[in-house]
Every structure is written in C-alpha cells, then in structure tokens.
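Residue-level listing of the chains:
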Amino acid sequence: MKVVCATRVGNMKDPNPETRGTVGVLDRPIKEMKDDEVLIKVAYCGICGSDPHVVGGCFNKPEDAPFGIGHEMSGVIEKLGKNATAKGLKVGDKVGGNFLGYCGKCYYCSIGQQEYCTNVGNEPCMAEYVVWNEAQVCKLPEGVSLREGSLMEPLSIAVRAMDKANMKVGKRVLVSGGGPIGQLCCQLAKKYGAAELTLSELVASRCEQAKRIGVEHIINPMTEDTYERAMEITKGIGYDVIIECSAVPSAGEAVLKCAAKYATVLYVAQFPNEYELPVNLFEYCYMRQVTITGMYCAHYNFERTAEYLKYVDLSDFTSDEQVYDIDDVEEAFRVHLSARYPKILIRCNHFDGE
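In this report, we go over the structure that sits alongside the text. No experiment lies behind these values; they were computed from the predicted model shown. (Residues numbered from 1 in each chain as written. Predicted model: local features only at pLDDT ≥ 70, side-chain atom pairs only at ≥ 80, totals over all residues. Heavy atoms only, no water.)

What follows concerns the overall build of the protein chain. Helix and strand content of the protein chain: eleven helices and 18 strands. Here the protein chain has a C-alpha radius of gyration of 20 Å; the compact-globule value for 354 residues is 20 Å, and the two agree. Seen through its principal axes, the protein chain has C-alpha atoms that stretch 60 × 50 × 40 Å. Here the protein chain holds 354 residues, and the buried ones make up 51% of them. Once local pairs closer than 6 in sequence are excluded, the contacts in the protein chain between residues at least 24 apart make up 68%. Per element, the accessible surface of the protein chain, about 16300 Å² overall, is 49% carbon and sulfur. Computed over 38 positive and 48 negative side-chain charges, the separation of the two mean positions in the protein chain equals 4 Å. (Helix = DSSP H or I, 4+ residues; strand = E, 2+ residues; numbered from the N terminus. Rg over C-alpha atoms; globule rule 2.2 N^0.38 Å. Buried < 20%, exposed > 50% of the residue type's maximum accessible area, 1.4 Å probe, protein only. Contact = heavy atoms within 4.5 Å. Areas by Shrake-Rupley, 256 points an atom, 1.4 Å probe, with all protein chains shown as cover. Lys, Arg positive; Asp, Glu negative; His and termini not counted. Charge placed at Lys NZ, Arg CZ, Asp CG, Glu CD.)

Here it is in structure tokens:
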C-alpha cells in the first residue's frame, strides 16, 4: 500500500535542498491484523502543524528515515477481527478515532495517564490503509462527512484544552495562534460562554475566519503590544484562560504576561524541543497564583469529540482546493508550509460522494 513517509529528517523550510526535510510516498505492507483489530480504508488524513516537526526530527533520528507519518484520519471499515465486537462496529461504517493504541497494562495506563503508555502503538495514517485496535475506533455521527471526520483528532485536542482549562461561563479567554487548533479552541470557548474572546494572530485570513465564528477581539502581535492590548480589553484584569496554539517562542512569554490572578495558561502547541520559558516564580506563582500547564495528545475523549463534530463549523477546513491526492503529497506539504489555507487534507482513497 501507499504510505506517506518522512524520507529525510530535517527542517522542511531549510533553503538547502541537500539537508531539507522531505516527504514522499513509499510502498509498505499492510500490518497483519489481530483478532481485536480493525482494518480501515483511509479516506482523508489531514496535515497537522506538528507533522513538519516530526519530519524535522522531534521524535526521530536522521537514521530512522524513512518512517510513516500522519494521524488526523477518517475512513471506512474494510474488515473486523473476530473479537472486535465490543463497540458494535460494522464493515462499511465511516470512522475516525485515536491514532494512539494503548496497552492498558503498563504503569501509566493503570493510573489513568494513557498518553504516556510505555507500549503505545502508533500506525501511520497518511496511508491507503491502517490497522487499529477496536478501542481506538469511533463511528462518525450520521450526517458527518469523511472530510469532516478527518477533523476528529484536531477537535479532540480542542476538547482536551477545554477540559484542562476548566472553562466556565464568563471567563475571559485569550487564544494565541489562529491555525486549525486555535480556531477550534475559539469555537469551543465561545460555546462555553467565554467573555472578551480574543485571538492573537497576524495573518489576515485567519483573523477574518475567527471573526466569522464569534471572536470579539483581534490582537496583531507584530503591530501591537500584546500586553497593553490585553489590559485594555480586560480593563486591567487580564485573561482567566490563555490557550497558546502558535508554538512561536516569542508568544510563549508574551501571553503569560497577560494572565489574570488565578488564571490557567495552557500551552497546547508543540514548541521547539530546546525552547525554555522564562518564568518569574514570585510574580506568577505567588502574586498571581497562575496555573501553567500543557497537554500531550487527547486520551479518551474521542467518543465525546465524535458526538460533537456535527455542532462545530468545519467548512473552512474542508473545501475542494484544500484536498490533495496522496501522490501529490510533496506539493501538499509545500502549500501547507505556505499557510495559504487553514488546512490541507490528503485524499488517500476515493469514495463515491466524498
């Protein structure tokens, strides 16, 4: 089967073609199914903002290449193992789900920290087929298309962010970074009753998208002082919830300064491995009692996320011009890196009506 792989580890924006990180389509065997597993024919797989970091070597060494990538998947069940019966899944069901397969036996699984499972499985989803354990698979709600279903994993990150931020009606919310995760966080925060909902973003098209979904204030961090604008918007109080989704190092410190007393500052985006956040403990831990935290994947909220897909606006992520066939993946990544569109989807197989 065709699988999109990182063929050279390196920065995908490196001007030197000899060292630049690259992707390509390689032929790989379909994983042999176990009795509790499901064979899925992949329809779409989104390019995540973290995928260039993966090609860049955040989890792998140069000698590991080539290795498969992709995790934002939707597809159709092709085959069920004889013991994959617990969830009522059927051949032909449209599905998405959790790309990580947990063992359920290790120390971290046993204490509810499954995202750190020491025996985790992670099959590349930017491929024609993927084999998952039944526990990973979630059926798409009626009326949700396969394109929309490929946004289940990104939406699960926004759902996890709302859970960790302890969102409540009336909390002042700042989202930093208007990519797909930031936009989805804005949508969910709006539905939670966020006050003074603000997006920090410099790309005009992303700002317009945010306004369409109900964001009240835009801060341009290139032309405005983020702290001063934040204090103006919140009347000197600061934001109760700050969700950083840009992974821009300068934003890491800038948004922290905008925290209100007892605020939660949640770093969602994947910052460079070597980045260190300067934090004045007296100011933030004592004088403000700010909770500074992060998140790693989204474990076991996928059934809730699947149910909520039909309640969010995904139209900005699923238009025809944002879809590239798997054989055109190199061009697809080039367009993704240009930020021309809010999302790029890889079509791994064609399905009628999709």
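Alright, that's what it looks like, and here's the rest.
Once that is clear, we can look at unusual backbone geometry. The omega torsion across A65 and P66 is 0°, close enough to zero to call that bond cis. Among the structural elements, P66 can be located in the loop between α1 (51-55) and β4 (67-68). Phi angles above zero are rare outside glycine, and Y262 is one such case at about 65°. Mapped onto the secondary structure, Y262 falls in strand β15 (residues 259-267). Accessibility expressed as a relative area gives 60% for Y262, which makes it exposed.

Once that is clear, we can look at the sheet that holds strand β1 (residues 2-8). The three strands lie next to each other as β2-β1-β4, forming an open sheet whose pairing is antiparallel. In this open sheet, the two edge strands, each paired with only one partner strand, are β2 (22-27) and β4. One ladder, built from two bridges, connects β1 with β4; its direction is antiparallel. Counterpart to A6 in the pairing with β4 is F67. The sheet strands contacting helix α11 (residues 329-338) are β1 and β2, and the helix crosses β2 at an angle near 155°. (Pairing = 2+ DSSP bridges. Axes fitted to C-alpha atoms, helices over the stretch in contact; angles between N-to-C directions.)

This next bit is on α11. Of all the positions in α11, only V329, A332, F333, V335 and H336 are classed as buried. Projected down its long axis, α11 carries its buried residues within an arc of 160°, all on one side. Where α11 is buried, its residues touch β1, β2, α1, β17 (323-325) and β18 (345-347). A339 sits one or two positions beyond α11 and adopts a positive phi of about 60°. (Arc of directions from axis to C-beta.)

Along the chain, K31 turns up in the loop between β2 and β3 (37-46). Taking the C-alpha atoms as reference, K31 lies 47 Å from I218; in sequence the two are 187 residues apart. Leaving out residues up to four positions away in the same chain, K31 has contacts with E37, E123 and V131.

Time to look at the sheet that holds strand β11 (residues 172-176). The strand order across the open sheet formed by six strands is β13-β12-β11-β14-β15-β16, and the pairing between neighbours is parallel. Pairing within the sheet leaves two strands with one partner each, and these edge strands are β13 (217-219) and β16 (291-294). The mean angle between the axes of side-by-side strands here comes to 15°, regardless of whether they run parallel or antiparallel. Across five bridges, the pairing between strand β14 (residues 239-244) and β15 is parallel. Bridge pairing in β15 places Y239 opposite A259. Across the face of the sheet, helix α5 (residues 180-191) comes into contact with β11, β12 (195-200) and β14 while running at roughly 175° to β12.

Under the criterion given, the structure shown has 21 salt bridges. As a salt-bridge pair, R160 and E115 come within 4.0 Å of each other at their nearest N and O atoms. Residue R160 is found in helix α4 (residues 152-165), and its partner E115 is found in the loop between α2 (107-110) and β8 (121-122); the two are separated by 45 residues along the sequence. For R160, a relative accessible area of 19% puts it in the buried group. A relative accessible area of 10% places E115 in the buried class. Residue R206 is joined to E201 by a salt bridge in which the shortest nitrogen-to-oxygen separation is 3.6 Å. (Salt bridge = Lys/Arg side-chain N within 4 Å of Asp/Glu carboxyl O.)

Turning to the state of the cysteines, a few remarks are in order. Disulfide: a covalent bond connecting the sulfur atoms of a pair of cysteines. With the rule as written, the count across this model stands at zero disulfides. Free of any disulfide, C58 has its nearest cysteine sulfur in C48, 10 Å distant. Unpaired in terms of disulfides, C185 finds its nearest cysteine sulfur in C245, a separation of 4.3 Å. (Disulfide = S-S within 2.5 Å.)

This part takes up the packing of aromatic side chains. Tallied over the full model, the rule gives eight aromatic pairs. Both rings, one in F271 and one in Y275, keep their centres 5.2 Å apart while their planes meet at 25°; by these two values the pair is stacked. The class for Y275 is partly exposed, based on a relative accessible area of 25%. Between F282 and Y286, the aromatic rings sit 6.4 Å apart at their centres with planes inclined by 45°, giving tilted as the arrangement. Taken together, the positions of F282 and Y286, both in helix α9 (residues 281-287) and four residues apart, correspond to about one turn of that helix. (Phe/Tyr/Trp six-rings, centres within 6.5 Å; stacked < 30°, edge-to-face > 60°.)

Structural measurements only, silent on function.
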